[in-house]
Amino acid sequence: MAEGTKSQMEDLNGAAGDNDEPVFDDIEMARTGINMLLNNGFDEAFALFDKYKNESPLMHSGYSFVFFMQALMSFEEEKLGEAHKVLQETEKKCASNDGFVKSFKKKFSKSKKKKSENALNLEERITNQVIVADCLLYQAILVFTNQDIPSYVKGGWLLRKAWKIYEKLHKEVTQLTETLAQNKIAKLPNFSSSVDPAPKNNPGPEGPNHSESNGSLDDNEDLELTVDVLSRLLGAVNFGYGTFQLCISMVPPKILKLIEFFGFEGDREIGLNCLAFTSHSKDMKAPLATLALLWYHTVLRPFFALDGANQFQAGTKEAEAIIKQKEGEFTNSSLFLFFQGRIHRLEKKNDLSLKLYKRALVEAKGQREIELMCLYEISWCHVLKLQWKEAQEGFIRLQKESKWSQAYYTYLVAVCIGSQGEVEAAHDIFHKVPGLIKRKNNQIEAFVGRRAEKFKKQKPTQEHCRLLTLEMIFLWHALPTCTPEELKPLLNVCDMQSDHNLMPLKCLLEGALYKELGEDEMAVNCLKEALARHQGKKDDQYIPAFTLFELASIYMKQPQTVQEGKSHLQLIKDNYKDYDFENRLSVRVNNALKRLKAAPGNSGV
């Protein structure tokens, strides 16, 4: 157990002991539990939330969040189902307004000075409604992991219910804030930072487009709520609302039409402002907002090319600043070490990245989901260096311990073994992959299943396996994280390939590698050859779509060829459907077109 976590547990145990008036209230205790969770004290946090889950809505929401976080990190069906069940239980308890908060308030009071019953009820009501909305949002996110149309419909309905609650609460809390300001009692502090986008005009949840609330509130009731309470409530509302806005702003265009059908859309800027506000607030979800911002800057921004096809490192500055601000709170946190590793990967410092991932793995000991996350990144660091044996060892452990996708990890083990020249063993392992597929709608499993099927009759060669490994590196958008010294050996992998059937893939990968090396003329030639060689082929339909995107990325660098790049993007959008990993590419294409529209003639997008 981390020393800080141990100390927190001792303090809480002492406070919740035999004394008649314990020092800690549910707000402080819930935040302490979340801090434990993020500081390698998973078991201790779970024990705390489990012990008091029936005493307070906040503690029950912390309890269900532990399950949600586990499910989201593991993607295991058993954990996804368990998280759904617990979130529904929390939602039901908070929606029923059965008064179990009051029994908790008798045990844990924030102040000896008693508040009016009206103010206490108002704070509790808003808190409960935020928790209900959060539970609906978390359930929607879990449902979306199924990636099929029925799941998108169900998830969209849950999002719509959450949205209606968030919208109502934003107006209500903002009106309360304005009432305090009008009465010249106090001004709500501005929690914006130099790290994240500063809120426009007002750091409140509605941003510049805030409209007046239709609800009527008693003035005396307003005045009983202190600035501290309002700040916390606004932080609580903004976490879910910000996460909501951010998620909706990044869904693929095909799914966006469905989302718009339900009557809402996402604004990325507002989402970031809301999360920045919450991360500096005193709400229990402040550390989670910080975590969400780090995830956005180090994972989502580069993977979906949100800053443009050629701005892979755009989020590192903001992420580094967040880490620096919070390092005192999360010194040895495995999750924060994980994100530091991500930052260094984006900066092409893969040796330092590997070192941090290994340290995070040690700190995460006993926290299975985080251990497996770290192990996955460690294995990929070895793949990028073509260290097949070391990568194989990591993937074998993931194959045995992760319940997410045995088919995917078995495929990675096969290509690593085959890349070392053990083609007989690789052939046997490829045979097992199709039988391990659990969900037909899982894009990754469907892809590796088809790849493995090709080797049922034909034995793979060492060159085959190495090229297939390089294919995964490309599809996972990892080439921009490699230095020129790391990229050149990958070109040698392409040079070894002589199988005529794999020539379109070889040319695409060569083009992507030359692009990263800055040799644009060579890159364009290879990519055009990939398109020509793929003509008339029915399989691997993702190749022409991804090839056109690589060409567009090169053309968008120079003002004189921007229009050519735009035409390639439009061609992908209009002519290519139902290919592997369509969703992830369509998000990149959509973002690139939006940037071109916003700044026509601009290079470097």
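Residues numbered from 1 in each chain as written. Predicted model: local features only at pLDDT ≥ 70, side-chain atom pairs only at ≥ 80, totals over all residues. Heavy atoms only, no water.

An unreviewed UniProt entry lists the protein chain under the name Tetratricopeptide repeat protein 39C, with Lymnaea stagnalis given as the organism.

1. A look at the packing of aromatic side chains
One pass over the full model with this rule turns up 28 aromatic pairs. Arranged with centres 6.0 Å apart and planes meeting at 80°, the rings of Phe-447 and Tyr-542 form a pair that is edge-to-face. Here the residue Phe-447 occupies a position in helix H21 (residues 443-453), and Tyr-542 occupies one in helix H26 (residues 542-555), the gap between them amounting to 95 residues. You can call Phe-447 buried: its relative accessible area is 3%. Judged by relative accessible area, which is 0%, Tyr-542 ranks as buried. The lysine or arginine in question, Lys-53, covers the ring of Tyr-63, its NZ or CZ lying 5.0 Å from the ring centre. (Phe/Tyr/Trp six-rings, centres within 6.5 Å; stacked < 30°, edge-to-face > 60°. Helix = DSSP H or I, 4+ residues; strand = E, 2+ residues; numbered from the N terminus. Buried < 20%, exposed > 50% of the residue type's maximum accessible area, 1.4 Å probe, protein only. Lys NZ or Arg CZ within 6 Å of the ring centre and 35° of its normal.)

2. Quick look at the pattern of salt bridges
Using the criterion set out here, one finds 28 salt bridges in the structure. Ionic pairing is found between Asp-50 and Lys-53, a salt bridge with its closest N-O pair at 2.8 Å. Judged by its relative accessible area of 30%, Asp-50 falls in the partly exposed class. Here Arg-232 makes a salt bridge to Asp-283, at a shortest N to O gap of 3.5 Å. In this pair, Arg-232 is assigned in helix H10 (residues 227-249) and Asp-283 in the loop between helix H12 (268-279) and helix H13 (286-303), connecting sequence segments 51 residues apart. Taken individually, Arg-232 and Asp-283 each receive the classification buried, so the pair is uniform in this respect. (Salt bridge = Lys/Arg side-chain N within 4 Å of Asp/Glu carboxyl O.)

3. What about the packing of H26 against helix H27 (residues 562-575)?
Put simply, H26 and H27 touch, their axes get as near as 8 Å, and they point 160° apart. One finds that H26 runs roughly antiparallel with respect to H27. Between H26 and H27 the crossing geometry is left-handed. Residues Ala-545, Leu-548, Phe-549, Leu-551, Ala-552 and Tyr-555 of H26 touch H27, and the partners they reach there are Val-562, Glu-564, Gly-565, His-568, Leu-569, Leu-571 and Ile-572. When its residues are assigned to classes, the contact of H26 with H27 shows 10 nonpolar, two polar and one charged. (Axes fitted to C-alpha atoms, helices over the stretch in contact; angles between N-to-C directions. Parallel < 35°, antiparallel > 145°, perpendicular 65-115°, else oblique. Left-handed = near helix turned anticlockwise from the far one by under 90°. Contact = heavy atoms within 4.5 Å. Nonpolar A, V, L, I, M, F, W, Y, C, P; charged D, E, K, R; others polar.)

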